[in-house]
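Examination of the molecular architecture
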Amino acid sequence: MTRVLCLHGYGSNTKIFEAQTAAFRRELGPEFEWHFVEGGISVPMDPELQEYCMGEENFFSFFDATSNHGPAKYFTEIESYATSHGPFDLVMAMCFSGSLVAALLMHKAHLGRHHQVFKGAIFLSGGGVMDPTASTFKPLEDASAYAKIPIPTANIWGASDEIHRKTAAELALVCCTKINVTFIHDADTPIAQSRDKKALAGTVKAIRRTVDEVLFS
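Residues numbered from 1 in each chain as written. Predicted model: local features only at pLDDT ≥ 70, side-chain atom pairs only at ≥ 80, totals over all residues. Heavy atoms only, no water.

1. Topic: helix H4 (residues 165-172)
- Taken residue by residue, H4 has Ala 168, Leu 171 and Ala 172 as its buried positions. Buried residues in H4, looked at end-on, bunch into an arc of 100 degrees, giving them a common side.
- On its buried face, H4 sits against helix H3 (95-110), strand S6 (120-124), strand S7 (153-158) and strand S8 (180-185). (Buried < 20%, exposed > 50% of the residue type's maximum accessible area, 1.4 Å probe, protein only. Helix = DSSP H or I, 4+ residues; strand = E, 2+ residues; numbered from the N terminus. Arc of directions from axis to C-beta. Contact = heavy atoms within 4.5 Å.)

Written out as structure tokens, the structure reads:
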């Protein structure tokens, strides 16, 4: 059984993320266990998610970008959760949650800590690359100063996604090329749905390739 920790995007929640990912998770089959966790910080809804809302709901984030802690505080929270509820083979993160996870993985690699809390990562519509050591949340200016993410990764986003396609491509660049799978789909939503046969098949293939790299390399 492949266990995956699932982190929704900013201004979302577990219910919405489960719905967004239902199509490809169904295609991947029963050998996966998907563990969805809710962010701890209440934020406004991401306007892009209106179609998934069914009445009054609460929306969350995994970090507070206005805090004085910077990302390091939230690294600890993710690692503690993964340790206490794991082990997990992979982490799957959407948008800015992917940015936070990527920064965590880069930071550990930069410190020479080769034992990562996850064996692989799936980034959906990645939100760009944040500076892992900054005292505030800000984009990473010089990615070459850090080691690349040393575990197998999949970076998946939509070609027509005007909000995320640039930042998702930036995140893919900090992943180790030899063990990264990038798939850019043609669906009209950030995550491929059942009606998007080609995009859905490509998403499933990218994830399977990453899982194979984790399990058999």
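2. Quick look at the environment of Phe 183
- Mapped onto the secondary structure, Phe 183 falls in strand S8.
- Among residues more than four places away in sequence, those in contact with Phe 183 are Asn 155, Ile 156, Trp 157, Lys 198, Ala 199, Gly 202, Thr 203 and Ala 206.

3. What about the packing of helix H1 (residues 14-28) against helix H5 (residues 197-216)?
- Taken N-terminus to C-terminus, the directions of H1 and H5 make an angle of 60 degrees; their axes are 10 Å apart at the nearest point. When the interaxial angle is binned, H1 and H5 end up oblique. Note on packing geometry: the crossing formed by H1 with H5 is right-handed. Packed against H1, whose contacting residues are Ala 23, Phe 24, Glu 27 and Leu 28, the element H5 presents Leu 200, Thr 203, Val 204, Ile 207 and Arg 208 at the interface. (Axes fitted to C-alpha atoms, helices over the stretch in contact; angles between N-to-C directions. Parallel < 35°, antiparallel > 145°, perpendicular 65-115°, else oblique. Left-handed = near helix turned anticlockwise from the far one by under 90°.)

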